Amino acid sequence: MNQKIEDTRTDIKSMSAEELEEFVVKLGDKKFRGAQIFQWLHQKLVTSFDEMTNLSKALREKLEKECRITALRAEAVQVSKLDQTTKYLFELYDRNLIESVLMKYHHGNSVCISSQVGCRMGCRFCASTLDGCVRNLTPSEMLDQIYTIQKMSGERVDNVVVMGSGEPLDNYDNLLKFISLLNSEKGLNISARNITVSTCGLVPEIFKLADRKLQITLAVSLHAPDDELRKTMMPIANKYSVSEIMDACRYYILQTGRRISFEYSLVRDVNDSEDCARQLISLVKGMNCHINLIPVNPIKERDYRQSEQKAIHAFKNKLEKNGINVTIRREMGRDIDGACGQLRKSYISG
Ligand code: SAH
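Residues numbered from 1 in each chain as written. Predicted model: local features only at pLDDT ≥ 70, side-chain atom pairs only at ≥ 80, totals over all residues. Heavy atoms only, no water.

On to the domain arrangement of the protein chain. Annotation of the protein chain at the domain level lists domain 1 (11-68) and domain 2 (75-348). Taking only C-alpha atoms into account, the centre of domain 1 sits 34 Å from that of domain 2. At the junction of the two partners, domain 1 supplies 15 residues and domain 2 supplies 16 residues. Joining domain 1 to domain 2, the criterion identifies two salt bridges. (Domains from an automatic or database assignment. Contact = heavy atoms within 4.5 Å. Salt bridge = Lys/Arg side-chain N within 4 Å of Asp/Glu carboxyl O.)

To describe a pair of aromatic rings, one takes the distance between the centres and the angle between the planes. Taken as a whole, this structure holds three aromatic pairs when the rule is applied. Taken together, a centroid distance of 5.5 Å and an interplanar angle of 10° make the contact between Tyr88 and Phe90 stacked. Taking relative accessible area as the criterion, Phe90 reaches 0% and is therefore assigned buried. Just above the ring of Trp40 sits the side chain of Lys44; from NZ or CZ to the centre is 4.0 Å. For the cation-ring pair, Lys208 lies above Tyr172, with the distance from its terminal atom to the ring centre recorded as 4.2 Å. (Phe/Tyr/Trp six-rings, centres within 6.5 Å; stacked < 30°, edge-to-face > 60°. Buried < 20%, exposed > 50% of the residue type's maximum accessible area, 1.4 Å probe, protein only. Lys NZ or Arg CZ within 6 Å of the ring centre and 35° of its normal.)

Before going further, it helps to examine the site of the ligand. By nearness alone, 17 residues border the ligand, and Phe125, Ser198, Ser221, His223 and Asn297 come closest of all. The contact in question runs from a nitrogen atom of the ligand to an N or O atom on the backbone of Asn297, over 2.8 Å. Coverage of the ligand by the protein chains reaches 93% of its 530 Å² of free accessible surface. By residue class, the composition of the shell around the ligand is seven nonpolar, eight polar and two charged. (Near = heavy atom within 4 Å. Polar contact = N/O pair within 3.5 Å; in protein donor to acceptor, adjacent residues only side chain to side chain. Areas by Shrake-Rupley, 256 points an atom, 1.4 Å probe, with all protein chains shown as cover. Nonpolar A, V, L, I, M, F, W, Y, C, P; charged D, E, K, R; others polar.)

A word on helix 5 (residues 172-183). In a regular helix each residue adds 1.5 Å, so twelve residues correspond to 16 Å; helix 5 covers 17 Å between its end C-alpha atoms and thus fits that length. Those residues of helix 5 that are buried are in contact with helix 2 (32-42), helix 4 (139-153), strand 9 (159-162), strand 10 (195-199) and helix 6 (203-212). (Helix = DSSP H or I, 4+ residues; strand = E, 2+ residues; numbered from the N terminus. Expected span 1.5 Å × (residues − 1).)

A word on the packing of helix 6 against helix 8 (residues 242-256). Between helix 6 and helix 8, the shortest axis-to-axis distance is 8 Å and the interhelical angle comes to 5°. Relative to helix 8, the element helix 6 is oriented roughly parallel. Together, Val203, Ile206, Phe207, Leu209, Ala210 and Asp211 of helix 6 and Glu244, Ile245, Asp247, Ala248, Tyr251, Tyr252, Gln255 and Thr256 of helix 8 make up the contact between the two elements. (Axes fitted to C-alpha atoms, helices over the stretch in contact; angles between N-to-C directions. Parallel < 35°, antiparallel > 145°, perpendicular 65-115°, else oblique.)

The following block contains the structure:
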């Protein structure tokens, strides 16, 4: 994480309403101005102090000097002709690039956001991690992916999935702040139940998150039912074993009452055998969980191939016959695809 952030002014969009109230009092103004600013930023989604017309000119000038407002700039937008899925490449204030995706489903609009610039987890099948992690995203940079997409598309965002580039639990404090801002009644008011956080399985952070008892959905990227195979796909498996992850997940379910989602990307001749399915069943049997099978999206830097349709369906059927909740993830925006992180990759190495 070596990218220098040059603008040292306060990141005002990452502040809670209470923090903003304290902040304006310190600037010599009335407390209630904090709530007004919060509403401008998180409900009316303005990106300049000039637009905050119910504040005095003097306060606006002070804010301008002390603070910056995170506002992402769309560098590229790709729309799928098949299903309207839209991929956004955003530029941050320090010129770093991140990706976000808008997906339209019958049950509402979902936005998939990034939590870091790049990623340091090193999963073998993933494009986001090829150049390592540049830096964490701030709460405002996570929020602004949603705000900018809502403004650009004119669509109300119903669900948010933190499943883009980065490992959200590797950016734990900013993630929690982001969630509370997104939940805020004075902001977009997106409830925890409509937020999913996906992790490669950072065990201590899963325990920590469980204790917060948030009603978010936790998705855990399992991808292999045993340590030996998992280590060949995900370096993090050298640090935490599958059994430690399962203990953490059971604790999460106990503390939150929420069902866990397991992601399992199917790779041809790697983790799609009948034996893998059998092991996976004994791992999750009786647990309040759901398994999401993702036909792996091949990236050119690696030799992983997608499982054959026959193998995918056989894997699913085997789980189903054993009473496990399982779905095959629908592939959205196939024509604009390239796996997660590939759009950014093509820009930074181009
Ligand atoms: N770091 C988090 C979230 C980002 S990845 C995590 O590991 O969960 C979101 C999901 O997409 C994860 O399950 C990840 O393993 C999966 N994924 C990444 N690259 C993929 C690819 N090329 N094909 C299929 N799934 C992929």
